[in-house]
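# Coordinate inspection notes
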Amino acid sequence: MIVKGDLVTRISHQHDLLFRVQSVKEDRVLLFGEDFRLEADAPISDLKKVTGEEYRAHKKKVKVQEDYSYRLFRQDYQLLKEKRDHESTDGFKFENNYFQIAPRVLHVDGDQLFLKKCIQLYQQLGIQVHGTHMGEKDMPVQIGSLIERIQPDIVVITGHDSFSKNKGSVRDLRAYRHSRYFVDTVREIRSKSSHLDQLVIFAGACQSHFESLIKAGANYASSPQRINIHALDPVYIVARIAYTSFMDKVNVREVLRNTLTGEGGLGGVETRGLLRVGMPFRSLEILEEKEKEENDKEEDNNSKI
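Residues numbered from 1 in each chain as written. Predicted model: local features only at pLDDT ≥ 70, side-chain atom pairs only at ≥ 80, totals over all residues. Heavy atoms only, no water.

### Notes on the sheet that holds strand β3 (residues 28-33)
Rule in force here: Here, a strand pair is defined by DSSP locating no fewer than two bridges between the strands. For the purposes of this entry, the term helix denotes a DSSP run of H or I that reaches at least four residues, the term strand denotes a run of E that reaches at least two, and both are numbered from the N terminus. Fitted lines through C-alpha atoms serve as axes, helices being fitted only where they are in contact, and the angles separating the N-to-C directions of these axes extend from 0 to 180 degrees.
As summarised here, the arrangement of the 5 strands in space is β4-β3-β2-β1-β5, forming an open sheet in which the pairing is antiparallel. Each edge of the open sheet carries a strand with a single partner, namely β4 (39-43) and β5 (47-49). This sheet shows a mean twist of 45° between the axes of neighbouring strands, independent of strand direction. Two strands pair when backbone bridges link them, and strand β1 (residues 7-10) and β5 are joined in this way by 3 bridges, in the antiparallel orientation. Paired with Val 8 across the bridge in β5 is Lys 49.

In structure tokens form, the structure reads like this:
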């Protein structure tokens, strides 16, 4: 018996990926990737339930990969921070006294569980994010009102996707499960903000039509080689842009180095960072301290009188 929520693998694909059952209709099952943004369907006879021991071994392996990407990003973040410290203090001649204005992120995801995981990572990385769960087919219609309400600097459009060679060639957008909705969503966003450096867009999921997404106006997209991408890959791309100064362009190759999928699954165009630095920092606190000192002096004088 296969029911919604079960963890399974596909026998015909040599149990290569772990899926969770999204729905069961007669003898066909709709599957969502557990770690990758892939949507697929399969007959019940092709599925094997995953045991608790198998699942624990799988999660342990995935965690090692995720931790490695996180460490790579933290290393890059530290280098970016040291550069900001050096520039804001004129080579450490002055006190480190600056503040940062980080970009706002709107993350629209077709998978509620993946959205939750992404938001947790955004928060772990210190990035301000507004997350919304929405079906891929609804994204082109609803994205306009979201953009107007949230006023983001970065937009992530993702969920699930897949390519089926039985439906057409790799050039044919109709051969993809959700790519056309991602493309239409990007076009709708670009109709409101055409400048690639003022509103940055990541779009796509597993095996998505990369060329169409870039042509529609995405800064970064998946999947150049039509391979699967990890659920957290969009977050690492966004984080690199968010922590790069608006004076610097983001090196595409360096960004992809921190992702779990790499160049085969992700790509993009030259884009400026969105972080802005200002100074002085804590000026309001200094004024409050001075005000308190003056009030204390005044109270002392009044008490003497």
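### Topic: the packing of aromatic side chains
To describe a pair of aromatic rings, you give the distance between the ring centres and the angle between the ring planes. Note the following rule: Centre distance within 6.5 Å is the pairing criterion for rings of Phe, Tyr and Trp, where only the six-membered ring of Trp is used; planes under 30 degrees apart are then read as stacked, over 60 as edge-to-face, and the remainder as tilted. For every residue, the accessible area (1.4 Å probe, protein chains only) is compared with the maximum for its type, and the residue is labelled buried under 20%, exposed over 50%, or partly exposed between those bounds.
Counted by the stated rule, this structure contains 3 aromatic pairs. Measuring from centroid to centroid gives 6.4 Å for Phe 73 and Tyr 243, while their planes differ by 50°, and the two rings are tilted. With Phe 73 in helix α1 (residues 52-88) and Tyr 243 in the loop between α6 (233-242) and β12 (249-250), this pair connects stretches of sequence that are 170 residues apart. No difference in accessibility class separates Phe 73 from Tyr 243, as the two residues are buried.

### Here we look at the sheet that holds strand β10 (residues 200-203)
Whenever strands of a sheet pair, they do so through backbone hydrogen bonds, lying parallel or antiparallel. As a reminder, the rule being used: Contact definition: two residues touch when any of their heavy atoms are within 4.5 Å.
Across the sheet, 6 strands lie side by side as β8-β7-β9-β10-β11-β13; this open sheet has mixed pairing. In this open sheet, the two edge strands, each paired with only one partner strand, are β8 (129-133) and β13 (267-268). The pairing of strand β7 (residues 105-109) with β8 spans 5 bridges and is parallel. By the bridge assignment for β8, Leu 106 is matched with His 130. Contacts from α6 reach β7, β9 (154-158), β10 and β11 (220-221), with the element oriented near 170° to β9.

### Observations concerning a negative patch on the surface
So the rule is basically this: Residues enter patches when their relative accessible area tops 30% and they take part in no salt bridge; the joining distance is 9 Å for like charges and 5 Å for the nonpolar side chains Val, Leu, Ile, Met, Phe, Trp and Tyr. Note on areas: Shrake-Rupley, 1.4 Å probe, and residue coverage restricted to the protein chains presented here. We define a salt bridge as a side-chain nitrogen of Lys or Arg found within 4 Å of a carboxyl oxygen belonging to Asp or Glu. Note on charges: Lys and Arg go in the positive column, Asp and Glu in the negative column, and His and the chain ends are not counted at all. For charged residues, the charge sits on one atom: NZ in Lys, CZ in Arg, CG in Asp, CD in Glu.
A grouping of Glu 288, Glu 291, Glu 293, Glu 294, Glu 298, Glu 299 and Asp 300 is seen on the molecular surface, where their side chains present a negatively charged patch. Note that Glu 298 resides in helix α8 (residues 283-304).

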